[in-house]
Amino acid sequence: MVMVRAGGLLHHVARLGPEDAPGAPPVAVFLHGAFIDTLASFYFTLAPAFAAHGWDTVMYDLRGHGRSERPPSGYRVEDFTADLDALLDALGLTEPVHLVGNSFGATLAFDFAVHHPDRVASLTAVEGCPAGSGWAEAMAGALHRATETLPEDQALAWFTEQYGTVSSTRTGDPVHDARIARLGRNAGRLIRATTITRDIPRSRRPTADQLAALSCPVLLVNGEHGLVATESAHLTAVLPHCRRVIVPGHKHSVLVEAPTEVTALTLDWLDEHTHTHPTPTTPSSARPASTVPNAAHPATVPGEARPGSTVPDAAYPAGTTPGSAHPAGTTPHAAHPASTLPHAAHPVTGTAR
Amino acid sequence: MTSTDPVRVYSARKDAAYPPPPEAVLAEVASMIELILHEYADGLPEITRDTRLGDDLELESIDLVTLSGLLTEWYGESVHLARFVAGLDPDAIIALTVGDLVDHIVARLAPAAGE
């Protein structure tokens, strides 16, 4: 594993993608969710497909999460934004990057885009929204319930239950419960050892003017029964360049439960904003519905007069099919072994490649 | 990283025959898992083909990221856990056995794998 010092903390970074591809490949930076999430949620879903599609992908564990350092305090959204700013510097990523955030990671992506617009080429928010008053209340209430009104050992059960209610596919079976219980233990450690539950609700929030001035293209990916429908509808109305796609039948955990669909629709949307438009100046809202080629997978886009918009899975075969063969030499980064590992001897580096 | 870093410890032992037979792969994968779980070595069951990564070893998905890196470092880019399991949901990944990993590695290292 690669540890990179950024924001004064050691961050666990994983990277998949072409290292020496002709020209500069577009860079996607993935931001995972809070408490029970780590970079693994992208490492085993979107990132391999992005890499096979010619993207340079950067994943990292947020402070306090996964294998990154867990400081006792400093868990407001702006603290995470400062970490990302420092991480991009440490990795030498000076060109604008494409942010992909899941849940709380999407909240971080919006904050970063508002405060560092020159570093963001596009923003994909999977089941997430900017910090706002409703968001803070919901987050504070949930955290209060988990940490104040429940005995310590029941906070774990609360996370198990909470995750169960937002998962659309598996509930109640022993294997699933055991996995959620392990995740809950990690969340419990984070909550007990740090100020995160107090810090997150006290984060700064973007103003309406700041959001309206967000110049980069934004893709909202929602589960049909997700947690941010109201916020997403509002964003669609106020953001200058915003498209919203809903994955039917899924809840908040759509990223890990429908990875193929999320990968396909995200890559398709990003293709519009990278390959044909290297500088994202074209409003996505001006694009015709026909740019999304296949209605066979009926995602819906409220606010646009069409019933279906998603892309065929076959368009992105590499990395999206379990156990599929990827012979060495056929993927863009096949000649660059162990992209997550080669700098283990240099834990603090300004050039982690 | 310190001297207990699994990558560096394992890389230092990189002297085996190539391509390795399945029994050797099993032993090597078991070694990697033991390195990842070295903090919990006392409670580890014997690692066999039937050992489940999640239920038996309690590997979390972030542990699998580390294992993925070890596998690629050791066997080369043709063995890549992320691509092997891409598209599986987390529960299916956690349900994998050590034997599943060994079979994948052996298949990818075979001369007929289309290298």
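Below, the structure is looked at part by part.

The rules behind each value
- Residue indices begin from 1 for each chain and proceed along its sequence in written order.
- Here every chain gets a letter starting at A, and every ligand a number starting at 1, in the order they are written.
- In view of the model being predicted, local features appear only for residues whose pLDDT reaches at least 70, and side-chain atom pairs are presented and counted only at 80 or more, with totals across whole chains, interfaces and linings using the full set of residues.
- Side-chain figures throughout are based on the complete set of non-hydrogen atoms in the structure, without hydrogens or water.
- A run of H or I in DSSP becomes a helix once it reaches four residues, and a run of E becomes a strand once it reaches two; helices and strands are each numbered from the N terminus.
- Whether a residue is buried, partly exposed or exposed follows from its accessible area with a 1.4 Å probe, protein chains only, as a fraction of its type maximum: under 20%, in between, or over 50%, in that order.
- Whether two residues are in contact is decided by their heavy atoms: any pair within 4.5 Å suffices.
- Where accessible areas are quoted, they stem from the Shrake-Rupley method and a 1.4 Å probe; at the residue level, only the protein chains shown are allowed to cover.
- Here, axes are lines fitted to C-alpha atoms. For helices the fit covers the stretch in contact, and angles between N-to-C directions go from 0 to 180 degrees.
- By the definition adopted for this analysis, an angle is roughly parallel if under 35 degrees, roughly antiparallel if over 145, roughly perpendicular if from 65 to 115, and oblique otherwise.
- Throughout, a crossing is termed right-handed when the near helix is turned clockwise from the far one, and left-handed when it is turned anticlockwise from it by less than a right angle.
- Gly is placed with the polar residues, together with every amino acid not listed as nonpolar (Ala, Val, Leu, Ile, Met, Phe, Trp, Tyr, Cys and Pro) or charged (Asp, Glu, Lys and Arg).
- For the purposes of this analysis, a disulfide is any pair of cysteine sulfur atoms at a distance within 2.5 Å.
- The rule is short: rings of Phe, Tyr and Trp, with Trp giving its six-membered ring, pair when the centres are within 6.5 Å, and they are stacked under 30 degrees, edge-to-face over 60, tilted in between.
- Nonpolar cores were defined as sets of buried Ala, Val, Leu, Ile, Met, Phe, Trp, Tyr and Cys residues, with membership established by side-chain atoms within 4.5 Å.
- To estimate how far a helix should extend, the number of its residues minus one is multiplied by 1.5 Å.

1. Structural notes on the overall build of chain B
Broken down by element type, chain B carries six helices and zero strands. N-terminal to C-terminal, the α/β element order of chain B is α-α-α-α-α-α. Out of the 115 residues in chain B, the part that is buried amounts to 52%. The contacts of chain B with a sequence gap of at least 6 include a subset with a gap of at least 24, amounting to 64%. Carbon and sulfur atoms make up 53% of the accessible area of chain B, which totals about 5,000 Å².

2. A word on the packing of helix 2 (residues 22–36) of chain B against helix 3 (residues 61–75) of chain B
Residue and element names in this part refer to chain B. Where helix 2 contacts helix 3, the two axes come as close as 10 Å, and the packing angle between them is 135 degrees. In terms of axis orientation, helix 2 runs oblique to helix 3. In this structure, helix 2 meets helix 3 at a crossing whose hand is right-handed. Between helix 2, through Val25, Glu28, Val29, Met32, Ile33 and Ile36, and helix 3, the contact on the second element is made entirely by Asp63, Thr66, Leu67, Leu70, Leu71, Trp74 and Tyr75. Of the residues belonging to the contact of helix 2 with helix 3, the class tally is ten nonpolar, one polar and two charged.

3. Quick look at the packing of helix 3 (residues 77–90) of chain A against helix 4 (residues 104–115) of chain A
Residue and element names in this part refer to chain A. The contact between helix 3 and helix 4 brings their axes to 9 Å, and the two run at 70 degrees. Taken together, the axis directions place helix 3 and helix 4 in an arrangement best described as roughly perpendicular. For the pair formed by helix 3 and helix 4, the contact residues are Val77, Glu78, Phe80, Thr81, Leu84, Asp85 and Leu88 on the first element and Phe104, Thr107, Leu108, Asp111 and Phe112 on the second. A class-by-class count of the residues in the contact of helix 3 with helix 4 yields seven nonpolar, two polar and three charged.

4. Observations concerning the state of the cysteines
All names here are of chain A. Applying the stated criterion to the full structure yields zero disulfides over all chains. Its sulfur unpaired, cysteine 242 is 9.9 Å from the next cysteine sulfur, which belongs to cysteine 216. When its relative accessible area of 6% is taken as the criterion, cysteine 242 is described as buried.

5. A short note on the packing of aromatic side chains
All names here are of chain A. This model, assessed by the stated rule, comprises seven aromatic pairs over all chains. With a centroid separation of 5.4 Å and 85 degrees between ring planes, the pair formed by phenylalanine 80 and phenylalanine 104 is classed as edge-to-face. Note that phenylalanine 80 is positioned in helix 3 and phenylalanine 104 in helix 4, a separation of 24 residues in sequence.

6. What about the nonpolar core?
Considering soluble globular proteins, one finds that nonpolar side chains tend to be buried as a cluster. Residues Val29 and Tyr75 of chain B are the most contacted members of the largest nonpolar core, which totals 61 residues. Listed in part, the 52 residues of the second largest apolar core include Val2, Leu99, Val120 and Cys216 of chain A.

7. Structural notes on helix 6 (residues 98–109) of chain B
All names here are of chain B. For helix 6, which comprises twelve residues, the first-to-last C-alpha distance of 17 Å matches the rise-based estimate of 16 Å (1.5 Å per residue) to within 8%. Within the span of helix 6, buried status applies to Val98, Gly99, Leu101, Val102, His104, Ile105, Arg108 and Leu109. Close packing links the buried residues of helix 6 with helix 2, helix 3 and helix 4 (81–85).

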